[in-house]
Amino acid sequence: MRRREVFATAAAAAVYRALPAGATVPKAYSWDLSPPAGSREAFVAWMQDNRGEDPAFLRDRWARFEAMVANKDVAGERDKRAFLMTPREEFVLNANRERAYDHAFLDIGFGVTISGPHLVGRMTSALDVARGDKVLEIGTGSGYQSAYLANLTDRVWTIEIVRPLAERTRGIYDALIARGYSEYAAVQTKSADGYYGWEEAAPFDKIIVTCGVDHIPPPLLQQLKTGGVMVIPIGPPGAQHVLKVTKDAAADGAPRVARSDIYNGKIVPFVPFTKLEGDRVAGVHSL
Ligand SMILES: C[S@@+](CC[C@H](N)C(=O)[O-])C[C@H]1O[C@@H](n2cnc3c(N)ncnc32)[C@H](O)[C@@H]1O
């Protein structure tokens, strides 16, 4: 087991009134907080002072960040900040914490996975989320994707079909909020079949789908605003293309959709977009 250093400076002991009792994050969240991205040392020191995180994980996060920037998997200052601010180690299984920043998807139980950081970065960057955007995620899984989104906008909805997984992830958010990660209070969660979207909260500026399906679910397209963007893996089981779908209006006002492949044709396998029969997950949605 790698030695984990404990943040124990005077700054860590300071109590900030805006933080909940028992918080371990030294400074209250603010949209103005942004870690320096010029060097690993400056990043790690800033994150220790402001977020109270473990320097060993922070060094891993920095190394993954550099690889993602070089590979163009994370684009734009807002997305870079969101990646650097999101503690992926909190969303993986304990057994996988040391691998949290590997270039790999990881098992999270229930037969599903947390997507690899490069994929999360590329899909989220393609969405181009601005602060204030309403974003819907289909496939909460570990909760990492929505946590990342909560550093881009304060309006996030996420749906998970596997109820015990949805409950476990809700518990992770609640525990992190209690520790001072107040940004995750922006994430609304529910367990349901995401094929039908979240009608009561619609319409959305952006929709991200993190499970693979052979068509765009009509309810999701309907719940996307005109001018909105959806990122969705489309294709047969285990062989999807990750598409960026934009919705606008033709001259006669009819909805019009344009698609582009964010990986220029590369096949990316996703876990299946399953469906509910009563309370039971059974089979997949397909045309
Ligand atoms: C790649 S995994 C999780 C990725 C997730 N965004 C993360 O950050 O860990 C995809 C998730 O989609 C969920 N899923 C599959 N079909 C679904 C559906 N119809 N509605 C909602 N979630 C679904 C799976 O149970 C799984 O948790």
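Nothing here was measured: the structure is a model prediction, and the numbers come from that model.

Engineer: Explain the site of the ligand here, please?
Structural biologist: What surrounds the ligand is a group of 25 residues, the closest being Gly-139, Gly-141, Ser-142, Gln-145 and Gly-194. Every element with two or more residues in the shell around the ligand is listed here: β2 (113-114), α6 (144-149), β4 (156-160) and β10 (274-277). Of the residues in the shell around the ligand, the class split is 13 nonpolar, 9 polar and 3 charged.

Engineer: Sorry, what's going on with the nonpolar core here?
Structural biologist: Residues Met-123, Tyr-184, Ile-207, Met-230 and Val-231 are the most contacted members of the largest nonpolar core, which totals 63 residues. Setting aside residues no more than four positions away along its own chain, Met-123 makes contact with Ile-208, Val-231, Val-242 and Ile-262.

Engineer: Before we go on, may I ask you to explain the packing of helix α2 (residues 40-51) against helix α3 (residues 55-70) in this structure?
Structural biologist: The geometry of a pair of packed helices is captured by two quantities: the angle between their axes and the separation between those axes. At a minimum axis separation of 10 Å, α2 and α3 run at an interaxial angle of 135°. Between α2 and α3, the interaxial angle falls into the category oblique. With respect to the hand of their crossing, α2 and α3 are arranged in right-handed fashion. For the pair formed by α2 and α3, the contact residues are Arg-40, Phe-43, Val-44, Met-47 and Gln-48 on the first element and Pro-55, Leu-58, Arg-59 and Trp-62 on the second.

What counts, and at which threshold
- Residues numbered from 1 in each chain as written.
- Predicted model: local features only at pLDDT ≥ 70, side-chain atom pairs only at ≥ 80, totals over all residues.
- Near = placed C-beta within 6 Å.
- Helix = DSSP H or I, 4+ residues; strand = E, 2+ residues; numbered from the N terminus.
- Nonpolar A, V, L, I, M, F, W, Y, C, P; charged D, E, K, R; others polar.
- Core = buried A, V, L, I, M, F, W, Y, C linked by C-beta atoms within 7 Å.
- Buried ≥ 20, exposed ≤ 12 C-beta atoms within 10 Å, placed from the backbone.
- Contact = placed C-beta atoms within 7 Å.
- Axes fitted to C-alpha atoms, helices over the stretch in contact; angles between N-to-C directions.
- Parallel < 35°, antiparallel > 145°, perpendicular 65-115°, else oblique.
- Left-handed = near helix turned anticlockwise from the far one by under 90°.

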